[in-house]
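# Tertiary structure, described
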Amino acid sequence: MELIDNINRLLGEDLKQTIQSGARLKIAASCFSMYAFEALKAELEKVDELNFVFTSPTFVASQVADKIRKERREFHIPKLNRERSLYGSEFEIRLRNKLTQRAVARECADWIRRKATFKSSRTQVPMQQFACVQAGGANTVYTSLYGFTAVDLGGLYEQLLQRLIPFPARPQETLAELIERVEQAQAKQRDVDKMPVRPAKEKQFNRKVEINAQLRQLKKDHAALIR
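What this report covers is the structure whose coordinates are included nearby.

Considering all chains together, one arrives at 7 aromatic pairs under this definition. When the centroid spacing of 5.6 Å and the interplanar angle of 25° are considered together, the rings of phenylalanine 32 and phenylalanine 148 count as stacked. With phenylalanine 32 in the loop between β1 (24-29) and α2 (34-39) and phenylalanine 148 in the loop between β5 (138-143) and α7 (156-164), this pair connects stretches of sequence that are 116 residues apart. Members of the aromatic cluster, joined through ring pairs, are Phe32, Phe52, Phe54, Phe118 and Phe148.

Okay, structure coming up:
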């Protein structure tokens, strides 16, 4: 038995080494995130099949007590935490619109249709959460697994985000600070994109000068944010 603490040793990196071509993957966990699929996409394409069991009642019609909410036919029900986790855990949900969500969702859905089977526990009896990789005649079991999300895979989450962010992190800059800087840079770029059409509509010379000065400052601020 070996310890994976997601600090010195990462679950996602270990799975990359364990999953081989033709492997069978079995997971019992509280949630499944398409961002975990994105983080391990190359490896998951190698498996013959995934059997996934939600350890608590999830997507079970009989468990929906609020009939009014059910009749609204919502595509996204934020109050149902387990079902929301398909789109990401609480740590991933903030970044949904910043990542290529539609592309990831399409790829994940295609993979699920080809490779995966999902089932859900219908009882409230606690289930042991685990992942098992059957490959090369050997079984590798990971226990005490909470969910199959990018966060639970460890450092792969930050690696995935770093690849999607258009400029590198500064020394000692945290991921949260980098994301905040990306948002500021995007806001400045939107302001820059709006500015060039305005001077042509302005008849007063002084106002044109003022607008051009604002445009130069916006470009300067944007450049400072992306460096």
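Moving on, we get to the sheet that holds β5. Ordered by their spatial adjacency, 5 strands build an open sheet running β3-β2-β1-β4-β5, and the pairing between neighbours is mixed. The open sheet is flanked by β3 (116-120) and β5, the only strands paired with a single partner. Adjacent strand axes in the sheet meet at a mean angle of 10°, parallel and antiparallel pairs treated alike. Across 5 bridges, β1 lies against strand β4 (residues 130-135) in antiparallel orientation. Looking at β4, one finds that arginine 24 is bridged to glutamine 134. Running over the sheet, helix α1 (residues 11-18) touches β4 and β5 and is turned about 170° from β5. Contacting β2 (49-54) and β3, helix α6 (residues 101-115) crosses the sheet at an angle of about 85° to β3.

Within the largest apolar cluster, 31 residues are counted, with the highest numbers of intra-cluster contacts made by Leu15, Ile27 and Phe148. Ile165, Phe167, Ile179 and Val182 belong to the second-largest nonpolar core, a separate cluster that totals 8 residues.

Below, the discussion takes up helix α8 (residues 175-194). Between the first and last C-alpha of α8 there are 29 Å, a value that for 20 residues agrees with the 28 Å anticipated at 1.5 Å per step. When we look at burial in α8, the residues that qualify are Leu175, Leu178, Ile179, Arg181, Val182, Ala185 and Val192. Relative to the axis of α8, the buried residues are bounded by an arc of 155° and lie together on one face.

Here is what the cut-offs are and how they apply
Residues numbered from 1 in each chain as written. Predicted model: local features only at pLDDT ≥ 70, side-chain atom pairs only at ≥ 80, totals over all residues. Heavy atoms only, no water. Phe/Tyr/Trp six-rings, centres within 6.5 Å; stacked < 30°, edge-to-face > 60°. Helix = DSSP H or I, 4+ residues; strand = E, 2+ residues; numbered from the N terminus. Pairing = 2+ DSSP bridges. Axes fitted to C-alpha atoms, helices over the stretch in contact; angles between N-to-C directions. Contact = heavy atoms within 4.5 Å. Core = buried A, V, L, I, M, F, W, Y, C linked by side-chain atoms within 4.5 Å. Buried < 20%, exposed > 50% of the residue type's maximum accessible area, 1.4 Å probe, protein only. Expected span 1.5 Å × (residues − 1). Arc of directions from axis to C-beta.

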